[in-house]
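Residues per chain are reported as follows:
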Amino acid sequence: RANHPAVRIRGTARRKTNEAPRRRGTAIGGNAVHPEDIAGTSEEQRKVARQTADSLIELAQLDNELIITHGNGPVVGKIMMRQMLTMNRIPPMDMDICVAHSQGGIGYLLMQAIENALREKGNQRHVASLLTQVEVDKDDPAFQNPTKFVGPFFTEDEAKKISTELNWKMREDSGRGWRHVVPSPKPKHVCDISLVEALVKRGTIVIAGGGGGVPVVRDARGVRTGVPAVIDKDLTSAHIANVLGIEELLILTAVPRVAINFGKPTQKNLEEVSLEEIKAYHKEGHFPPGSMGPKIDAAIRFLEGGGKRAIISHLDHAMPALRGETG
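Fair warning: this is a prediction, and the values are worked out from it, not measured in the lab.

Participant: Which residues make up the overall build of the protein chain, and what values go with them?
Facilitator: Scanning the protein chain from terminus to terminus reveals 9 helices and 15 strands. Taking 327 residues into account, the globule formula puts the C-alpha radius of gyration at 20 Å, and the protein chain, at 20 Å, falls close to it. Judged by the C-alpha coordinates and their principal axes, the protein chain covers about 65 × 45 × 45 Å. Residue pairs at least 24 apart in sequence account for 73% of intrachain contacts in the protein chain once pairs closer than 6 positions are excluded. With an accessible surface of roughly 16,900 Å², the protein chain has 49% of that area assigned to carbon and sulfur atoms. With 44 positive and 39 negative side-chain charges, the protein chain shows a spacing of 4 Å between the two charge centroids.

Participant: Can you tell me about the packing of helix 2 (residues 73-86) against helix 3 (residues 95-120), naming the residues and giving the values?
Facilitator: Two numbers describe how helix 2 lies on helix 3: the axes approach to 9 Å, and their chain directions differ by 125°. On the basis of the axis angle, helix 2 is oblique to helix 3. In the packing of helix 2 onto helix 3, the handedness of the crossing is right-handed. Packed against helix 2, whose contacting residues are Val-75, Val-76, Ile-79, Met-80 and Gln-83, the element helix 3 presents Met-95, Cys-98, Val-99, His-101, Ser-102 and Ile-106 at the interface. Residue composition of the contact of helix 2 with helix 3, grouped by class: 8 nonpolar, 3 polar and no charged.

Participant: Please set out the nonpolar core residue by residue, giving values where relevant.
Facilitator: Ranked by internal contacts, the top residues of the largest apolar core, which has 49 residues, are Ile-28, Leu-59, Ile-68, Met-95, Ile-114, Ile-205 and Leu-250. Looking at this core, the element that brings in the most residues is helix 3, giving 11 residues. Counting 35 residues, the second largest nonpolar core, distinct from the first, contains Val-196, Val-206, Leu-244 and Ala-298.

Participant: Report on the environment of Val-258, specifying residues and quantitative values.
Facilitator: Relative to the helices and strands, Val-258 resides in the loop between strand 12 (248-253) and strand 13 (259-260). In this structure, the C-alpha to C-alpha distance between Val-258 and Val-217, residues 41 residues apart in sequence, is 34 Å. When neighbours within four sequence positions are excluded, Val-258 is seen to be in contact with Lys-268, Asn-269, Leu-270, Phe-287, Met-292, Ile-296 and Ile-312.

Participant: Give a detailed account of the environment of Asn-88, specifying residues and quantitative values.
Facilitator: Note that Asn-88 resides in the loop between helix 2 and helix 3. Residue Asn-88 is classed as exposed on the basis of its relative accessible area of 69%. Between the C-alpha atom of Asn-88 and that of Gly-29, which follows or precedes it by 59 residues, the distance is 33 Å.

Participant: Tell me what's going on with helix 8 (residues 293-304), and back it up with residues and numbers.
Facilitator: Taking 1.5 Å of rise per residue, the 12 residues of helix 8 would be expected to cover 16 Å, and the 16 Å separating its terminal C-alpha atoms lies within 8% of that figure. Listed in full, the buried residues belonging to helix 8 are Gly-293, Pro-294, Lys-295, Ile-296, Ala-298, Ala-299, Ile-300 and Phe-302. Turning to helix 8, the residues buried within the fold contact helix 6 (233-243), strand 12, helix 7 (275-283) and strand 15 (309-314). Taken from the residues just after helix 8, Gly-306 is the one with a positive phi, measuring 120°.

Participant: Go over the packing of helix 7 against helix 8 with me, naming the residues and quoting the values.
Facilitator: Packed helix pairs are specified by the crossing angle of their axes together with the interaxial distance, meaning the distance between the axes. Across the interface, helix 7 lies against helix 8 with an axial gap of 11 Å and an inter-helix angle of 145°. Relative to helix 8, the crossing made by helix 7 is left-handed. In this structure, helix 7 uses Leu-275, Ile-278, Lys-279 and His-282 to contact helix 8, whose residues at the interface are Gly-293, Ile-296, Asp-297, Ile-300, Leu-303 and Glu-304. Of the residues that constitute the contact of helix 7 with helix 8, the class distribution is 5 nonpolar, 2 polar and 3 charged.

Participant: Describe in detail the sheet that holds strand 7 (residues 178-182), supporting the description with residues and values.
Facilitator: Taking strand neighbours across the sheet as the criterion, the 3 strands line up as 5-7-6 in an open arrangement whose pairing is antiparallel. What marks the edges here is a single partner per strand, and that holds for strand 5 (148-154) and strand 6 (170-172). Across the sheet, the mean angle separating the axes of adjacent strands is 40° when strand polarity is ignored. Bridge count for strand 6 against strand 7 is 3 bridges, and the pairing is antiparallel. Note on strand 7: the bridge partner recorded for Met-170 is His-180. On top of the sheet, helix 4 (residues 156-166) reaches strand 5, strand 6 and strand 7; it is set at about 120° to strand 5, its chief contact.

Participant: Got a sec to walk through the sheet that holds strand 12? Specific residues and values, please.
Facilitator: Read across the sheet, 6 strands follow the order 3-9-2-1-12-15 without closing on themselves; strand pairing throughout is parallel. Looking at strand neighbours, the two that pair on one side only are strand 3 (127-129) and strand 15, the edges of this open sheet. Along the sheet, successive strands turn relative to each other by an average axial angle of 20°, direction set aside. Here 5 bridges tie strand 1 (residues 22-28) to strand 12, and the two strands are oriented parallel to one another. Directly across from Gly-25, in strand 12, lies its bridge partner Leu-249. Strands in contact with helix 6 are strand 1, strand 2 (64-70) and strand 12; relative to strand 2, the strand with the most contacts, it is inclined by about 155°.

Participant: Explain the pairing of strand 12 to me, and be specific about the residues and the numbers.
Facilitator: Within a regular beta strand, the side chains point alternately toward one face of the sheet and then the other, so they alternate between its two faces. Among the 6 residues of strand 12, 5 are classified as buried, and the element is accordingly described as predominantly covered. Alignment of strand 12 against strand 15, held across 6 bridges, turns out to be parallel. Within strand 15, the position partnered with Leu-250 by the bridge is Ile-311.

Conventions adopted
Residues numbered from 1 in each chain as written. Predicted model: local features only at pLDDT ≥ 70, side-chain atom pairs only at ≥ 80, totals over all residues. Heavy atoms only, no water. Helix = DSSP H or I, 4+ residues; strand = E, 2+ residues; numbered from the N terminus. Rg over C-alpha atoms; globule rule 2.2 N^0.38 Å. Contact = heavy atoms within 4.5 Å. Areas by Shrake-Rupley, 256 points an atom, 1.4 Å probe, with all protein chains shown as cover. Lys, Arg positive; Asp, Glu negative; His and termini not counted. Charge placed at Lys NZ, Arg CZ, Asp CG, Glu CD. Axes fitted to C-alpha atoms, helices over the stretch in contact; angles between N-to-C directions. Parallel < 35°, antiparallel > 145°, perpendicular 65-115°, else oblique. Left-handed = near helix turned anticlockwise from the far one by under 90°. Nonpolar A, V, L, I, M, F, W, Y, C, P; charged D, E, K, R; others polar. Core = buried A, V, L, I, M, F, W, Y, C linked by side-chain atoms within 4.5 Å. Buried < 20%, exposed > 50% of the residue type's maximum accessible area, 1.4 Å probe, protein only. Expected span 1.5 Å × (residues − 1). Pairing = 2+ DSSP bridges.

Okay, structure coming up:
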């Protein structure tokens, strides 16, 4: 940009023959694959996946090594709701299996939509979706203090009944009703991350870590077991990026820019800030836990882990954000 001449985006430039493709991480929010204002029919989900693919197609056509992660919040909530409606006939699934179901379904729709969009452009690049387990620490403090709301709302009496029958922790959510709360531990290790790297080196676009990954713990023998939790998708994205040596992490959400004093007369959109500046704003409380907070946490973690630049912008503005025009 004219006011930031030091910022250089080389994604569309021709590479030197001895220069490796730029490895890039892109995280898209759960609402980008399943907005909360849709009924959730198969046709609606395919349409949304196609819209997401159209937003990412220019990025997908670059000569790069691309890893895509995605959220799953709305989808997991609907899986939980289906279980509530049938729990007297069909035993509910554990939370880790619900995450796996949502990861597989969303990954399938995105994989197909992105490949179809590429073929329409005459591009034969492949897309692979990997069912991804993510190890967490069994002693993570989050297991003692579940805070992540999932699923539908219930009355207090319904919540007590569900808590007794399913051994679920229920908590009132801002006076709107009672909901299931689960732990949200930090990602510790992405299982089989070497497979992700092997595929991207072949030129395959890899979808991994969906919904933050299926949460598992591992014992001293190396045996993995699923745990009832939902890992933050953006933290998993930052972890994957750091492990794979990605220098730029693109976090795509529902707003074009991060703002301080959001919703106030003094609201100010941020364009380019240093790590120290964003940490100071975060400490001042500008980014609430239920909205922009997790994305800022992930950006900070990514940069402190060796990343060079984190970009937060709207899903429809992926390439302009990379060029420094927005975000």
